[in-house]
Amino acid sequence: IDLDYKGLSNSGSWFIGRLQTKQDKERVMDGLVKGSEGSLNKKEIEQLLSNIQSRVFLFKSAHEDRLKLMQTRWVLSYLRGPLSKKEVRKLMKDKKGNLELKEKPETQKKLESEVKSPGKVASNVIQPIISNDVEQYYSVNTPYGKEVKYEPWLLAEGKVKFVNATRGIDIEKSFTKRLYLNKDMTNIDLRETDDFSFDTDLFDKRPLEQSKFYSLPAFIEELKSFKSLEKDFSDYLYRSNKLELYKCTALKAESKPGETIRDFKIKITGIIRDKKAEAVEKLRKKYSTKGDRLQDKYARLRIKLQKEKSDVSAKQTDTAMSLGMAVLGSFLGSGSKSKAMRGITSAGKISKEKADVRRVENEMQQVQKDMQELKNDLSYDIDMIKQEFDIENYKIATFYIKPRKTDVHSIKISLFWEAR
């Protein structure tokens, strides 16, 4: 907060986006409110900060009294890459050829250069003729001020639904792939296609004038439509796509579509932690009740022991005094037989009181044993809980939801020309 205040007070220009919390608004509110005539008041500024749109900023300048709204522009950038191995080979083809020419004798260079000269340019001036039933697109990221050459790609689009009523799953995935069309190709292998981000709104339907085109494979030019290729692509999507999910049978837990194995493990760990906490709480209540009962019993026995020891001490004092008075009386000639008998009776009671002390001490020892056994039982139950809720005991298995053939739809194959 200190950094915010110091930064705001030393900044001449502020660009403020939408603020949601009251605290954020109050931090900048005082600096935005001006006392001059015609400026916005605090309530108007607060409403502005709460309802400002995306990519719109409230601009405040130290040199101006009025606040202004400023909207940023969209910035769109086409980044090409990474290159596939096939594309790397294609890009390096001419350089490898030049390297081979340098290493060969001059006569052989001349002979081969004469043979290769007619096909030195890999592209034709005229666009290959294709059936009108084939849709074609052209990239717009053409190099400025340079000759444009279009390279052909097969563009394949389709959607696959994954449905499982029992689990409440009904999702759809879209696929867009492309395959470079080399003029020497004789067939299409859809396993070599690469993922491609394609939006028809960002591509042209017509090529640039005076542009050149690379040759298409002969069998592509002969096709009247791409229906057969669309069928192959539909079969390819059906065979190669399945929804991967994870489950832990011990916990009766399953992952959601799109949930990674890492996220599912985190979720499983949370479930185990909650179950372990619940088991520990039950254990705590169980042993807490037993422990409290034993502690109360031990406390009562201690009080009783102190009382019994006090009684023994008092009896011993009374007996000694009775016997002493009896002996003194007989010595002086004033004693009586009854006093001596009372002293003997008191001595018998002392023996009984001492026996009560020993009994209480034995009971206290038994309570201590019970408390130790309870402690041992608790340690054993804690170890059992640790073993029961060990993450290694909860195995995660993978299962799949496969689409039906009817779940593969919106298949479209077209020709895409990329400018070079």
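From a predicted model like this one, the values you see are computed outputs, not experimental measurements.

1. Description of the overall build of the protein chain
Secondary structure summary: the protein chain contains nine helices and 13 strands in total. Here the protein chain holds 420 residues, and the buried ones make up 29% of them. Of all intrachain contacts in the protein chain linking residues separated by at least 6 positions in sequence, the fraction that spans at least 24 positions is 72%. Of the roughly 29,500 Å² of accessible surface on the protein chain, 51% is carried by carbon and sulfur atoms.

2. Thoughts on the sheet that holds strand β2 (residues 56-61)
The strand order across the open sheet formed by three strands is β1-β2-β3, and the pairing between neighbours is antiparallel. This sheet does not close on itself; its edge strands, each paired only once, are β1 (13-16) and β3 (68-71). Each strand axis lies, on average, 30 degrees off the axis of its neighbour in the sheet, ignoring direction. Where β1 lies against β2, four bridges are found, and the strand directions are antiparallel. Bridging from a neighbouring strand, Trp14 pairs with Lys60 of β2.

3. Re the nonpolar core
For soluble globular proteins, nonpolar side chains are generally found buried alongside one another. Membership of the largest hydrophobic core comes to 33 residues, with the highest contact counts inside it found for Leu154 and Ile188. If sequence neighbours within four positions are ignored, Ile188 has contacts with Leu154, Leu179, Leu181, Phe219, Ile220 and Leu229. Phe264, Ile272, Val357 and Tyr394 belong to the second largest nonpolar core, which has 20 residues in total.

4. What to know about the sheet that holds strand β10 (residues 243-248)
On the basis of which strands lie adjacent, the open sheet formed by three strands has the order β11-β10-β12 and antiparallel pairing. What marks the edges here is a single partner per strand, and that holds for β11 (253-254) and β12 (397-401). By the bridge criterion, five bridges tie β10 to β12 in an arrangement that is antiparallel. Following the sheet pairing, Lys247 is matched in β12 by Ala397.

The rules behind each value
Residues numbered from 1 in each chain as written. Predicted model: local features only at pLDDT ≥ 70, side-chain atom pairs only at ≥ 80, totals over all residues. Heavy atoms only, no water. Helix = DSSP H or I, 4+ residues; strand = E, 2+ residues; numbered from the N terminus. Buried < 20%, exposed > 50% of the residue type's maximum accessible area, 1.4 Å probe, protein only. Contact = heavy atoms within 4.5 Å. Areas by Shrake-Rupley, 256 points an atom, 1.4 Å probe, with all protein chains shown as cover. Pairing = 2+ DSSP bridges. Axes fitted to C-alpha atoms, helices over the stretch in contact; angles between N-to-C directions. Core = buried A, V, L, I, M, F, W, Y, C linked by side-chain atoms within 4.5 Å.

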